[in-house]
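# Notes for the structure review
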Amino acid sequence: MIFITAKFRVRPEHADRWPEISADFTRATRAEPGCLWFDWSRSVDEPTEYVLVEAFRDDEAGAAHVRSAHFKAAQQTLPPHLAETPRIVNATIPQDDWALLGEMAVPGQE
């Protein structure tokens, strides 16, 4: 799978509304057949920073995402709400779902 984590620093005046601002893009991306997950989290230390954790089945699914109409629309609609260009980590990982964190295993739920 292609595993991507991106940090979005949102303008302070838009930070509380970011989930609403990015909702159409989020909804459309989650509906893509090759999208495994597409999840936003807000930093507990920096209220203007959102972290996006996303995964796509393979290179083809990732390429389809970038070519999609909703991605192209997001390229126009999201940047005006940002304080800076998002930062990204992108890696291909030989798995297709989350693995268990064995070091913090919950007894009886192995």
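Per chain, the residues get numbers from 1 upward, laid out in the order the sequence is written. Totals for whole chains, interfaces and linings use every residue, but because this is a predicted model, local features are given only for residues with pLDDT of at least 70 and side-chain atom pairs only at 80 or more, for both listing and counting. Where side-chain values are given, they derive from all heavy atoms of the structure, hydrogens and water being excluded.

### Concerning the packing of helix H3 (residues 59–67) against helix H4 (residues 69–77)
To obtain an axis, a line is fitted to C-alpha atoms, over the contacting stretch when the element is a helix, and the angle between two such axes runs from 0 to 180 degrees between their N-to-C directions. Numbering of helices and strands runs from the N terminus; a helix is a DSSP stretch of H or I covering at least four residues, while a strand is a stretch of E covering at least two. Remark: H3 packs on H4, axes separated minimally by 5 Å, with the N-to-C direction vectors making an angle of 50°. The angle between H3 and H4 falls in the class oblique. Facing H3, whose interface residues are His65, Val66 and Arg67, H4 presents Ala69, His70, Phe71 and Lys72. Of the residues assigned to the contact of H3 with H4, the class counts are 3 nonpolar, 2 polar and 2 charged. With respect to orientation, any angle under 35 degrees is reported as roughly parallel, any angle over 145 as roughly antiparallel, any angle of 65 to 115 as roughly perpendicular, and every other angle as oblique. Contacts: residue pairs with any heavy atoms within 4.5 Å of one another. For this scheme, ten residues count as nonpolar: Ala, Val, Leu, Ile, Met, Phe, Trp, Tyr, Cys and Pro. Four count as charged, namely Asp, Glu, Lys and Arg, and the remainder, Gly too, count as polar.

### Describing the nonpolar core
Formed by 19 residues in total, the largest nonpolar core has its most connected members in Phe8, Val10, Trp18, Phe38, Trp40 and Leu78. Elements with a minimum of two residues in this core: strand S1 (2–9), helix H1 (18–21), strand S2 (35–42) and strand S3 (49–56). With sequence-adjacent residues up to four places away left out, Trp40 is seen in contact with Phe8, Trp18, Ser22, Thr26, Tyr50, Val51 and Leu52. Met1, Trp37, Val51 and Ala55 belong to the second-largest nonpolar core, a separate cluster that totals 6 residues. Only buried residues count toward a nonpolar core. Its members are Ala, Val, Leu, Ile, Met, Phe, Trp, Tyr and Cys residues joined through side-chain atoms within 4.5 Å. Relative accessibility decides the category of a residue: with a 1.4 Å probe and only protein chains considered, values under 20% of the type maximum give buried, values over 50% give exposed, and everything between is partly exposed.

### Digging into the UniProt feature "domain: ABM" (unreviewed entry) in the chain
UniProt positions are given in the numbering used here, feature names are shortened, and annotations may be inferred rather than shown by experiment. Taking the numbering used here, the UniProt-annotated feature "domain: ABM" (unreviewed entry) corresponds to residues 2–90. Helix makes up 34% of residues 2–90 and strand 31%, and the two end C-alpha atoms of the span are 7 Å apart.

### Structural notes on H3
Listing the buried residues of H3 in full gives Ala61, Gly62 and His65. Looking straight down H3, one finds that the buried residues subtend no more than 100° of arc, so they occupy a single side. Structural note: H3 exposes Asp59, Glu60 and Arg67 on the side pointing more than 90 degrees away from its buried face. When we speak of the arc, we mean the arc of directions from the helix axis to the C-beta atoms.

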